[in-house]
Amino acid sequence: LFDAIANAFGLKAGSLTQSTDRGPGGEVLARLWGAQVLLVEDNAFNQQVAAELLAMAGVEVTLARNGQEALESVTRHRFDAVLMDLQMPVMDGYEATRRRREDPAFAALPILAMTAHAMSQERGRCMALGMNDYLTKPVRVGELKAALERWVPAPARSPAAAESSDRDTNLQ
C-alpha cells in the first residue's frame, strides 16, 4: 500500500525523504513543498492517512479535531489551504466554513471538503457555503493531489531553495 501511494505521488517507494523526486507529477510535488495545510478531521485513522499522504508531498500539516479548533488555528496561523471534514463533534465543517466565510480576511483561503458523503446535494451544499472543492473518503491519492494542485498557491520556499538555505546556514 505504501509503495502504491508513493508511486501515485511520483516518489521512490519506501522513502518519505525523497519527496522532491521528479516523475509523474513531480512538478506538483515541488510546488507543494512547504505548503501549510490545516487538516480538520475528528477520526484518528483518517488523520493519520491524510497527514502521511500530505507529508509525502512535502506539505506541512497542522491538525484540528473539530470546527472550533479549526477556527482557532486559522485565526492564529496562516494556511495555504484547509481540508475540512463535514461531520464532527463540537462544531461541524459546515458551521466552521460558514463562520470563516463571514470574515472577509479569509475570503481567499481555499477550503476543501473531505467527506464520506458522496451525494450531489452534499457537494452543492458545500459549494453554496463557500468551499472551493469537494473530496470524498476514502481519499483517493490522485484526487487529493489534483485538488491541492488547483488550490494551493506555490509556496515561496521550493525544495531547492530550502536545501540551499540549509547549506548556507550550516556554513555559518
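Residues numbered from 1 in each chain as written. Predicted model: local features only at pLDDT ≥ 70, side-chain atom pairs only at ≥ 80, totals over all residues. Heavy atoms only, no water.

**Regarding the packing of helix H5 (residues 93-102) against helix H6 (residues 120-129)**
Right, on to step 1. Orientation of H5 relative to H6, taken along the N-to-C sense of each, is 25°, at an axis distance of 9 Å. Put simply, H5 runs roughly parallel to H6. Where H5 approaches H6, its residues Tyr-94, Thr-97, Arg-98 and Arg-101 are matched on the opposing element by Glu-122, Arg-125, Cys-126 and Leu-129.
Right, on to step 2. Residues belonging to the contact of H5 with H6 are distributed by class as follows: three nonpolar, one polar and four charged. (Axes fitted to C-alpha atoms, helices over the stretch in contact; angles between N-to-C directions. Helix = DSSP H or I, 4+ residues; strand = E, 2+ residues; numbered from the N terminus. Parallel < 35°, antiparallel > 145°, perpendicular 65-115°, else oblique. Contact = heavy atoms within 4.5 Å. Nonpolar A, V, L, I, M, F, W, Y, C, P; charged D, E, K, R; others polar.)

**Here we look at the packing of helix H4 (residues 67-76) against H5**
Right, on to step 1. Relative orientation of the contacting elements H4 and H5 amounts to 30°, with a least axis distance of 8 Å. Of the possible angle classes, the one that applies to H4 and H5 is roughly parallel. For the crossing formed where H4 meets H5, the hand is right-handed. Here H4 contributes Gly-67, Gln-68, Leu-71, Val-74 and Thr-75 to the contact with H5, which in turn contributes Ala-96, Arg-99 and Arg-100.
Right, on to step 2. In terms of residue class, the contact of H4 with H5 is built from three nonpolar, three polar and two charged. (Left-handed = near helix turned anticlockwise from the far one by under 90°.)

**Considering the pattern of salt bridges**
Right, on to step 1. In the structure shown here, the tally under the stated rule is 10 salt bridges.
Right, on to step 2. Linking Lys-137 and Glu-41 is a salt bridge whose minimum nitrogen-to-oxygen distance equals 2.6 Å. Remark: Glu-41 occurs in the loop between strand E1 (36-40) and helix H3 (44-56) and Lys-137 occurs in the loop between strand E5 (133-136) and helix H7 (141-151); sequence separation between them is 96 residues. Pair check on accessibility: Lys-137 and Glu-41 agree, each one buried.
Right, on to step 3. A salt bridge links Asp-133 to Arg-150; the nearest nitrogen and oxygen atoms lie 2.6 Å apart. Placement of Asp-133 in strand E5 and of Arg-150 in helix H7 is noted, with a sequence separation of 17 residues between them.
Right, on to step 4. Classification of Asp-133 by relative accessible area gives buried; the value is 7%.
Right, on to step 5. Here the residues in one salt-bridge network are Glu-95, Arg-98, Arg-99 and Glu-102, joined through shared partners. (Salt bridge = Lys/Arg side-chain N within 4 Å of Asp/Glu carboxyl O. Buried < 20%, exposed > 50% of the residue type's maximum accessible area, 1.4 Å probe, protein only.)

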